[in-house]
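# Understanding the architecture of this molecule
Read off the chains here:
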Amino acid sequence: MEEMSHPNDFFPATRMRRMRYQAFSRRLMRENRLSSDDLICPLFVIEGNNKQEAVASMPGVNRLSIDLVLREAETLLNLGVPAIALFPVTDPDKKSLSAEEAYNPDGLAQRCVRALKDALPELGIITDVALDPFTSHGQDGLLNDQGYVVNDETVEVLCKQALSHAEAGADIVAPSDMMDGRIGAIRTVLESHGYTNTRILAYSAKYASSFYGPFRDAVGSAGNLGGGNKYSYQMDPANSDEALREIALDLREGADMIMVKPGMPYLDIIRRAKEQFGVPTFAYQVSGEYAMLKAASQNGWLDEQQVVMESLLAFKRAGCDAILTYYAKSAAQWLKQL
Ligand code: PBG
């Protein structure tokens, strides 16, 4: 063709590939970075001494007795991870309909917090505020005669639980229960007891997700839940505007940070939340996401380090300030090697 006869007659006005050509200019224009400062490690706690149990559906993740949690926490602290999130595994005989064990000052979570704050005061400790590890039916709240999770009665128990965590020394309490009004109620209780600096990380946009399956195995709530579901309090995965309403409410009630959960399938929610509110925004790369990445890696189908680091960077790009991930330790180790 006449007009294409000389290749130099035509060139793209902008060559996007020019900046990608060498590592130095790729580095200069990189918009987002992951650091160990962005990572929070969830840990499952069990009774006993020097005891660890593998979680079958989460290869590489173990339930740990408190002494081993201390060792793991020290490793994480040395790797630059700022905080951990504790999930206690309650013995079946301590579970009940009214979940009294949730606010036992000598409960597993409370003892673990005290041991951690004693040994590693600079490590941030996040506790889970929800009743599912403590109810005999595996729901996050108390049930009425019809099997419905009752809101306001549950919030009263959540307040006792959150207060017991603060008294044990928790830096951040994280309600993951999705009851209405619980952030305001917990904030009031904390303030009235002098815990003005205890932070609240609100699981504001927590979806009724099937990606939580391995977690329910890990804490032993799956069997109790049976065929039950959490649709009457966790959010419908079809919704996005509703997440913003949840977040607005939690912020008005006194949340310091908000969370979107699960993570990877909900990056659009993170982006909308960050744009609309501009508050500390966290995400939870949940158990099922871990299981997918791990299974594909173990099969040799994906390069584990590459896909994990890509997934965590994607959270940053979406607008996350910090990410709860079972890959926190590995990611912090990989970041050190880079
Ligand atoms: C329950 C709770 C769940 C998770 C954290 N807290 C499960 C659920 O709502 O059934 C899931 C975390 C994960 O899957 O990694 N309060």
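Where an unreviewed UniProt entry is consulted, the protein appears under the name Delta-aminolevulinic acid dehydratase, with the organism given as Methylomonas defluvii. The UniProt entry for the protein carries the following comment under Sequence similarities (unreviewed entry): "Belongs to the ALAD family." The annotation that UniProt attaches to the protein under Subunit (unreviewed entry) is "Homooctamer."

Our focus in this paragraph is the overall build of the protein. Helix and strand counts for the protein stand at twelve helices and ten strands. Here the C-alpha atoms of the protein give a radius of gyration of 22 Å, agreeing with the 20 Å that 2.2 N^0.38 yields for 338 residues. Out of the 338 residues belonging to the protein, those deemed buried represent 52%. Counted over contacts in the protein with a minimum sequence separation of 6, partners at least 24 positions apart contribute 75%. Charge-centre separation for the protein: the mean point of 34 positive side chains lies 7 Å from the mean point of 45 negative side chains.

A contiguous patch of negative charge, built from Asp 152, Glu 153, Glu 156 and Asp 180, is present on the exposed surface. One can find Glu 153 in helix 4 (residues 151-168). Its relative accessible area of 43% is what places Glu 153 among the partly exposed residues.

Attention now goes to a positive patch on the surface. Where like charges cluster on the molecular surface, the positive patch consists of Arg 15, Arg 17, Arg 18 and Arg 20. We classify Arg 17 as exposed; its relative accessible area is 69%.

Now for the nonpolar core. Within the largest apolar cluster, 100 residues are counted, with the highest numbers of intra-cluster contacts made by Leu 39, Phe 44, Ile 84, Leu 86, Leu 116, Tyr 284 and Leu 312. Other than its neighbours up to four places away in sequence, Ile 84 contacts Ile 40, Cys 41, Leu 43, Ala 73, Leu 76, Leu 116, Leu 123, Gly 124, Ile 125 and Ile 126. Leu 244, Ile 247, Ile 258 and Val 279 belong to the second largest nonpolar core, which has five residues in total.

On to the packing of helix 3 (residues 108-119) against helix 4. Between helix 3 and helix 4, whose axes approach to 8 Å, the crossing angle comes to 25°. Between helix 3 and helix 4, the crossing angle belongs to the class labelled roughly parallel. Seen along the crossing, helix 3 lies across helix 4 with a hand that is right-handed. Judged by residue contacts, Ala 109, Gln 110, Val 113 and Arg 114 of helix 3 engage Ser 164, His 165 and Ala 168 from helix 4.

Below, the discussion takes up the environment of Leu 116. Counting through the fold element by element, Leu 116 comes out in helix 3. Since its relative accessible area comes to 0%, Leu 116 is described here as buried.

With that out of the way, let us pick up the site of the ligand. In the region of the ligand, 16 residues are neighbours, and Arg 216, Lys 230, Lys 261, Ser 287 and Tyr 326 sit closest. Separating a nitrogen atom of the ligand from a side-chain N or O atom of Asp 140 is a distance of 3.1 Å. Notes on the ligand: free accessible area 400 Å², of which the protein chains cover 100%. Under a 2 Å grid-point criterion requiring more than half of the atoms, the pocket assigned to the ligand is the largest cavity. For the shell around the ligand, the class distribution of residues is six nonpolar, three polar and seven charged.

Let us now look at the environment of Gly 48. With respect to the element layout, Gly 48 can be found in the loop between strand 1 (39-46) and strand 2 (52-54). Each C-alpha atom, one on Gly 48 and one on Arg 33, is 39 Å from the other, the two residues being 15 residues apart in sequence. If we ignore the near neighbours within four places in the chain, the residues touching Gly 48 are Ser 65, Ile 66 and Asp 67.

Along strand 7 (residues 199-206), seven of the eight residues are buried, which leaves the element largely enclosed by surrounding structure. Taken together, the two bridges between strand 6 (residues 172-175) and strand 7 define a ladder with parallel strand orientation. Within strand 7, the residue paired with Ile 172 across the bridge is Arg 199. For the crossover that starts at strand 6, traverses helix 5 (residues 182-192) and ends in the parallel strand 7, the hand is right-handed. Pairing between strand 7 and strand 8 (residues 257-261): four bridges, direction parallel.

What counts, and where the lines are drawn
Residue indices begin from 1 for each chain and proceed along its sequence in written order. With the structure being a predicted model, the display of local features is reserved for residues of pLDDT at least 70 and the display and counting of side-chain atom pairs for 80 or more, all residues being used for whole-chain, interface and lining totals. Where side-chain values are given, they derive from all heavy atoms of the structure, hydrogens and water being excluded. UniProt positions are given in the numbering used here, feature names are shortened, and annotations may be inferred rather than shown by experiment. Every helix listed is a DSSP run of H or I at least four residues long, and every strand listed is a run of E at least two residues long, numbered separately from the N terminus. Just to be clear, the radius of gyration here is over C-alpha atoms, and the globule rule we use is 2.2 Å times residues to the power 0.38. Between buried and exposed lies partly exposed: a residue is buried under 20% and exposed over 50% of the maximum accessible area for its type, with that area taken using a 1.4 Å probe on protein chains only. Contact criterion: two residues are considered in contact whenever any of their non-hydrogen atoms come within 4.5 Å of each other. The charged-residue count follows a simple rule in which Lys and Arg add positive charge and Asp and Glu add negative charge, with His and chain termini not counted at all. Positions of charges follow a simple convention, taking NZ of Lys, CZ of Arg, CG of Asp or CD of Glu. In this analysis, a patch consists of residues with relative accessible area above 30% that form no salt bridge, clustered at 9 Å for like charges and at 5 Å for the nonpolar side chains Val, Leu, Ile, Met, Phe, Trp and Tyr. Per-residue accessibility takes into account occlusion by the displayed protein chains alone, with areas from the Shrake-Rupley method and a 1.4 Å probe. Within this document, salt bridges are pairs made up of a side-chain nitrogen of Lys or Arg and a carboxyl oxygen of Asp or Glu, the two lying within 4 Å of each other. Grouping buried Ala, Val, Leu, Ile, Met, Phe, Trp, Tyr and Cys residues that are joined through side-chain atoms within 4.5 Å yields what is termed a nonpolar core. Lines fitted to C-alpha atoms define the axes here, with helix axes fitted over just the stretch in contact, and angles between the N-to-C directions of these axes take values from 0 to 180 degrees. Relative orientations are named as follows: roughly parallel for angles under 35 degrees, roughly antiparallel for angles over 145 degrees, roughly perpendicular for angles from 65 to 115 degrees, and oblique for any other angle. Note: crossing handedness is left-handed where the near helix turns anticlockwise from the far helix by less than a right angle, and right-handed where it turns clockwise. Summary of the distance rule: residues count as near a molecule or strand when at least one heavy atom falls within 4 Å of that molecule or strand. In protein, a polar contact requires one atom able to donate a hydrogen and another able to accept it; more generally it is a pair of N or O atoms within 3.5 Å, and residues adjacent in sequence count only if both atoms are side-chain atoms. Points on a 1 Å grid over protein atoms alone make up a cavity when a 1.4 Å probe fits among them but cannot get out, and a pocket when they form an open set with protein on both sides within 12 Å along at least five of seven lines; lining residues each have an atom within 4 Å of a point. Here the criterion for a molecule occupying a pocket or cavity is that more than half of its atoms lie within 2 Å of the pocket grid points. Gly is put with the polar residues, along with every residue not named as nonpolar or charged; the nonpolar set is Ala, Val, Leu, Ile, Met, Phe, Trp, Tyr, Cys and Pro, and the charged set is Asp, Glu, Lys and Arg. One bridge is not enough; two strands pair if DSSP finds at least two bridges between them. When the strands point away from the viewer, a crossover counts as right-handed if the route from the first strand across the helix to the second turns clockwise.

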